[in-house]
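Coordinate analysis (summary)
Residues per chain, in single letters:
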Amino acid sequence: MASRVRAGFKVLRMAVSKRKIVKMVVEKTEKFDPQEVIEEFEVLTRDAGKIQEETLQKILEENGGTEYLQQWGLNGKTDSLSFKNCVPIVTHKDLEPYIHRITDGDLSPILTGKPITTISLSSGTTQGKPKFVPFNEELMESTMQIFKTSFAFRNREFPVVNGKALQFIYGSKQFKTKGGLAAGTATTNVYRNAQFKKTMRAMQTPCCSPDEVIFGPDFQQSLYCHLLCGLIFRDEVQVVSSTFAHSIVHAFRNFEQVWQELVTNIREGVLSSRVTVPSMRAAMSKLLKPDPELADTIFNKCSRLSNWYGLIPELFPNTRYIYGIMTGSMEPYLKKLRHYAGELPLLSADYGSSEGWIGANVNPELPPELVTYAVLPNIGYFEFIPLMENLDGLEPTPVGLTEVKLGEEYEIVVTNFAGLYRYRLGDVVKIKGFHNGTPELQFICRRNLLLSINIDKNTEKDLQLAVEAAAKILSDEKLEVVDFTSHVNVSADPGHYVIFWELSGEATEEILKDCCNCLDKSFVDAGYVGSRKVNAIGALELRIVKRGTFHKILDHFVGLGAAVSQFKTPRCVGPTNLSVLQILSSNVVESYFSTALC
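Cut-offs applied
Residues numbered from 1 in each chain as written. Predicted model: local features only at pLDDT ≥ 70, side-chain atom pairs only at ≥ 80, totals over all residues. Heavy atoms only, no water. Helix = DSSP H or I, 4+ residues; strand = E, 2+ residues; numbered from the N terminus. Buried < 20%, exposed > 50% of the residue type's maximum accessible area, 1.4 Å probe, protein only. Contact = heavy atoms within 4.5 Å. Areas by Shrake-Rupley, 256 points an atom, 1.4 Å probe, with all protein chains shown as cover. Patch = residues over 30% accessible without salt bridge, like charges linked within 9 Å, V, L, I, M, F, W, Y side chains within 5 Å. Salt bridge = Lys/Arg side-chain N within 4 Å of Asp/Glu carboxyl O. Lys, Arg positive; Asp, Glu negative; His and termini not counted. Charge placed at Lys NZ, Arg CZ, Asp CG, Glu CD. Pairing = 2+ DSSP bridges. Axes fitted to C-alpha atoms, helices over the stretch in contact; angles between N-to-C directions.

Moving on: the overall build of the protein. Looking only at helices and strands, the protein features 21 helices and 20 strands. Looking at the protein residue by residue over its 598 residues, the buried ones come to 54%. Taking the contacts inside the protein whose residues are at least 6 apart along the sequence as the reference set, 71% of them involve residues at least 24 apart. Summed over its atoms, the accessible surface of the protein is roughly 26,500 Å², and 53% of this surface lies on carbon and sulfur atoms.

Bringing a negative patch on the surface into the picture now. Together, Asp33, Glu36, Glu39 and Glu40 make up a negatively charged patch on the protein surface. When you line up the elements, Glu39 lands in helix 2 (residues 34–46).

So, about the environment of Pro377. Tracing the backbone shows Pro377 in the loop between strand 11 (373–375) and strand 12 (381–386). Owing to a relative accessible area of 0%, Pro377 belongs among the buried residues under this scheme. Taking the C-alpha atoms as reference points, Pro377 and Gly49, 328 residues apart in sequence, are found 7.9 Å from one another. Look past the residues within four positions of Pro377 in its chain and what remains in contact with it is Leu44, Thr45, Ala48, Ile51, Gln52, Thr55, Leu401 and Thr438.

Once that is clear, we can look at the sheet that holds strand 19 (residues 541–545). Read from one edge of the open sheet, 4 strands run 17-18-19-20, paired in mixed fashion. Each end of this open sheet is capped by a strand with a single partner; those strands are strand 17 (481–489) and strand 20 (588–593). If you compare each strand with its neighbour and ignore which way they point, the axes differ by 20° on average. As judged from the 8 bridges shared by strand 17 and strand 18 (residues 496–503), these two strands associate in the antiparallel manner. The residue of strand 18 that forms the bridge with Val481 is Leu503. Those strands touched by helix 18 (residues 509–522) are strand 18, strand 19 and strand 20, and its axis lies near 60° from that of strand 20.

Looking now at unusual backbone geometry. The peptide bond linking Asp493 to Pro494 adopts the cis configuration, its omega dihedral lying at 0°. Within the fold, Pro494 resides in the loop between strand 17 and strand 18. The backbone of Asn162 sits at a positive phi, close to 45°, despite the residue not being glycine. Classification of Asn162 by relative accessible area gives exposed; the value is 63%.

What follows concerns the sheet that holds strand 4 (residues 175–176). As summarised here, the arrangement of the 4 strands in space is 2-1-5-4, forming an open sheet in which the pairing is mixed. Looking at strand neighbours, the two that pair on one side only are strand 2 (132–135) and strand 4, the edges of this open sheet. Taken together, the 4 bridges between strand 1 (residues 118–121) and strand 5 (residues 182–185) define a ladder with parallel strand orientation. Paired with Leu121 across the two strands is Thr185, which belongs to strand 5.

So, to be careful, I would describe these as geometric facts and stop short of saying anything about function.
Structural data, given as structure tokens:
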């Protein structure tokens, strides 16, 4: 009997000890020292070249036996010279056959040594359909490393303590591929991972919205509930964020329409009938209680605002900053975001894509227009193609991470832990400086041409600058461009550029003609100007669309499975985006042709 008791106590002690160990592990994963993270980053970047070689070696050791790498004759070599000599530079189109085999259920080591269990979907707004990209735990770990690194530097300048984040994030539906793999947008794969929540708690900025709202099946209902959660926890909100700046602007444009309804919900403690999803209603009912005092405060603050300027700090008085990706196609939304933000700083989030991460924003005090990203040398192997043509017509030879030159522009080539080898990302970056031994990149644009008919070459950046110049004409009338896109009309002879604008109000015919002429003159590419003068390219056309047209485009992509938080307005609608072109064309209310270069 005594021996049984002793044995029982021994089992109990072992169980208690095991629980303590598990608790310690959990606590360790939920806490981190920002200064320690910064010190680790400094060590990594001091010897970036060596770290790059070690990272490539690790990738090739883990995946050297794959079908893809074996076909190139590496024969077990893991050095960078052999890798570059044997393995070709590729695009997504080159890898599609391999990825499709994986999604169809082929479990052999095709691209990676370990089986791929999850697929990420790109937003699909550029080509009209999403790309399938392998996703694994190594990519998740690099995501968390990027998040922690940028937070550590951000928190040093703009400290947050025991607060909440109003995050306008939306998880799209996950589905199973033919082979049974979980597939969803890259953001959804991150939000559904347990590491994401642990990291948010560690950074003391957990999302103030419950999972039922984040993963709700109707994004309009989710958005309404996000706003309501933010108001309920208004004094605890210290960060307002989303993946992209567009989602934040979209949220507060929506707030302008529904704020009185939100106030009523808070006053009465009863959720709006517009929220019909049972799981969402149940989750919100736990948070929502009658609070007439809070309702009065919000009502009074909104009533006193002039044209909604400074809305965010008025609603959330303890907010330290607004955070999200604000570069590239997000730059056009900065003016409106600053209007809502008042004096609050805008901090641009880190640099990555559906294919993986590149760098962290370690200079958070810089405005979004000047933001740079320090490459983390251990999350992948990076090469850079100089943006210049050799005299022999061949593409320049890529250079390594530590071989790039200050002030030069490059296209990024990525090799990662999830089966992408010498993969052209299609992004153009400029080297703005160095953090120790690693370069600090400024995002310039996507390399693929947006607008080209003859010998003209205009990029997304060129389009953005043209729209900004023309939009200044509207500002005197207190009007703004809500959103815009473009199209090359080659069905006409000669072909010409078409710019679609959605405006915040009515503009006169005279002003819109001036805007149209300004757009045409703002494309300064020599090929465009020369082609216009000889009528090889016709007069630019400005088409004004109905209010809400770009919301219909958003609805269209969400209906295809895209996540709102990953949505980017397509800046050029090409022949593969016929559905979007149809939405735009059917909502045109006015059209003008330029007379500037006639």
